[in-house]
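Listed below, chain by chain, are the residues.
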There are 2 protein chains.
Amino acid sequence: MIRQSDKGNLKKLGSNIKRLREAKKLSLRELSYACDIDNSKISKIEKGQINITFTTILQLAKALEISPSELLMTEYD
Amino acid sequence: MIRQSDKGNLKKLGSNIKRLREAKKLSLRELSYACDIDNSKISKIEKGQINITFTTILQLAKALEISPSELLMTEYD
DNA sequence: ATAATTGCGGTCTAAAAAGGCCGCAGTTAA
DNA sequence: TTAACTGCGGCCTTTTTAGACCGCAATTAT
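As the structure is a prediction and not an experimental result, all values here were calculated from the model.

(A) Structural context of the overall build of chain A. What chain A contains, in helices and strands, is 5 helices and 0 strands. Put simply, chain A runs from its N terminus to its C terminus through helices and strands in the order α-α-α-α-α. Each principal axis of the C-alpha atoms in chain A carries an extent, and together these give about 30 × 25 × 20 Å. In chain A, which comprises 77 residues, the proportion classed as buried is 44%. In chain A, 57% of the contacts between residues at least 6 apart in sequence involve partners at least 24 apart. In the structure as shown, chain A presents an accessible area of about 4500 Å², 50% of it carried by carbon and sulfur atoms. Computing the positive centroid from 14 side-chain charges and the negative centroid from 10, chain A places the two 4 Å apart.

(B) Structural view of the packing of aromatic side chains. This model, assessed by the stated rule, comprises 2 aromatic pairs over all chains. Centroid distance A:Phe54 to B:Tyr76: 5.3 Å. Interplanar angle 70°. Geometry classified as edge-to-face. Pair noted here: A:Phe54 is in helix α4 (residues 54-63) and B:Tyr76 is in the segment after α5 (68-71), and the two residues belong to different chains.

(C) Looking closely at the protein's contact with DNA strand C. Near DNA strand C lie 23 residues; those nearest to it are A:Ile2, A:Asn51, A:Thr53, A:Thr56 and B:Leu28. Protein-adjacent atoms of DNA strand C, using a 4 Å cutoff, are sugar or phosphate at a proportion of 62%. For DNA strand C, a phosphate oxygen lies 2.4 Å from a polar atom in the side chain of A:Thr53. At 2.6 Å, a side-chain N or O of A:Thr56 approaches a phosphate oxygen of DNA strand C.

(D) Structural detail: a positive patch on the surface. All names here are of chain A. Together, Lys7, Lys11, Lys18 and Lys47 make up a positively charged patch on the protein surface. Turning to its location among the elements, Lys11 is positioned in helix α1 (residues 4-23). Among the residues examined, Lys11 registers a relative accessible area of 52% and is labelled exposed.

(E) Highlighting the protein's contact with DNA strand D. Around DNA strand D, the structure places 22 residues, and the nearest of them are A:Leu28, B:Ile2, B:Asn51, B:Thr53 and B:Thr56. One of the side-chain nitrogen or oxygen atoms of A:Arg29 is found 3.0 Å away from a base nitrogen of DNA strand D. Breaking the surface near DNA strand D down by element, the ones donating at least two residues are α2 (28-35) and α3 (39-46) of chain A together with α3 (39-46) of chain B. Looking at which element gives the most residues to the surface near DNA strand D, the answer is α3(A), with 4 residues. Each residue belonging to the surface near DNA strand D can be placed in one class, and the counts come to 6 nonpolar, 9 polar and 7 charged.

(F) Focus on unusual backbone geometry. Residues and elements named next belong to chain A. For Lys25, which is not a glycine, the phi torsion comes out positive at approximately 55°. Lys25 sits in the exposed class, given a relative accessible area of 72%. Positioned with a positive phi, Glu65 is a non-glycine residue whose angle comes to about 55°. With respect to the helices and strands, Glu65 occurs in the loop between α4 and α5 (68-71).

(G) Layout of the relation of the copies chain A and chain B. With an axial shift of 0.0 Å and an RMSD of 0.0 Å, the rotation relating chain A to chain B amounts to 180°. Both copies of the chain, as the preceding transformation shows, are related through a two-fold rotation axis. Identified as the residue of chain A closest to the rotation axis by C-alpha distance is A:Thr53, at 1.9 Å. A shared binding surface is used by both copies, with 100% of the interface residues of chain A retained as interface residues in chain B.

Thresholds applied
Residues numbered from 1 in each chain as written. Chains lettered and ligands numbered in written order. Predicted model: local features only at pLDDT ≥ 70, side-chain atom pairs only at ≥ 80, totals over all residues. Heavy atoms only, no water. Helix = DSSP H or I, 4+ residues; strand = E, 2+ residues; numbered from the N terminus. Buried < 20%, exposed > 50% of the residue type's maximum accessible area, 1.4 Å probe, protein only. Contact = heavy atoms within 4.5 Å. Areas by Shrake-Rupley, 256 points an atom, 1.4 Å probe, with all protein chains shown as cover. Lys, Arg positive; Asp, Glu negative; His and termini not counted. Charge placed at Lys NZ, Arg CZ, Asp CG, Glu CD. Phe/Tyr/Trp six-rings, centres within 6.5 Å; stacked < 30°, edge-to-face > 60°. Near = heavy atom within 4 Å. Polar contact = N/O pair within 3.5 Å; in protein donor to acceptor, adjacent residues only side chain to side chain. Patch = residues over 30% accessible without salt bridge, like charges linked within 9 Å, V, L, I, M, F, W, Y side chains within 5 Å. Salt bridge = Lys/Arg side-chain N within 4 Å of Asp/Glu carboxyl O. Nonpolar A, V, L, I, M, F, W, Y, C, P; charged D, E, K, R; others polar. Least-squares fit on C-alpha atoms with pLDDT ≥ 70 in both.

In short, shape yes, function no, at least from these values alone.
Now the structure itself:
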């Protein structure tokens, strides 16, 4: 499918994650270690290249020390 | 993979979605129509049987007329 | 009693995520 | 000027979601 409106939303999510990671001054590899997700995958997530699952959201939120809910705290289309 | 701790979290998410659907007095088929997701899939989601993606979360939130963030507003392990 | 609705499980295919590893430019530190 | 770190993209395999359709048992109307 890969609907067009989704692409923008994935980018928004990615930017938000990147913003939060940088706020904690973590490198991709450091966050990778903290949430047990390959650093290249996190890079793709931040770029909005993959449509992550709920459990991946939980892993990231935990490592970033925020609530899953907060991770999605953005306006989507 | 299907980690054990994830199962519980998926059930929590599912319960939350079910609660929100019932609060709006929608049947599975009605919600299905509203968010364009097959009713049998929604059933599985509510039962915690599948690990939905970010975009599916957006679809459900939209149909339930709440923010994606609110859809995840629960405590997870 | 009959008909409609509802939740839910099963089945199938195609598409995509998960998970992991490698390597390369570019930047930063030693 | 080396050495280390960083972001990032490609590649590969396995597992799972997405998406769609069918049918049934139970509940709820009519």
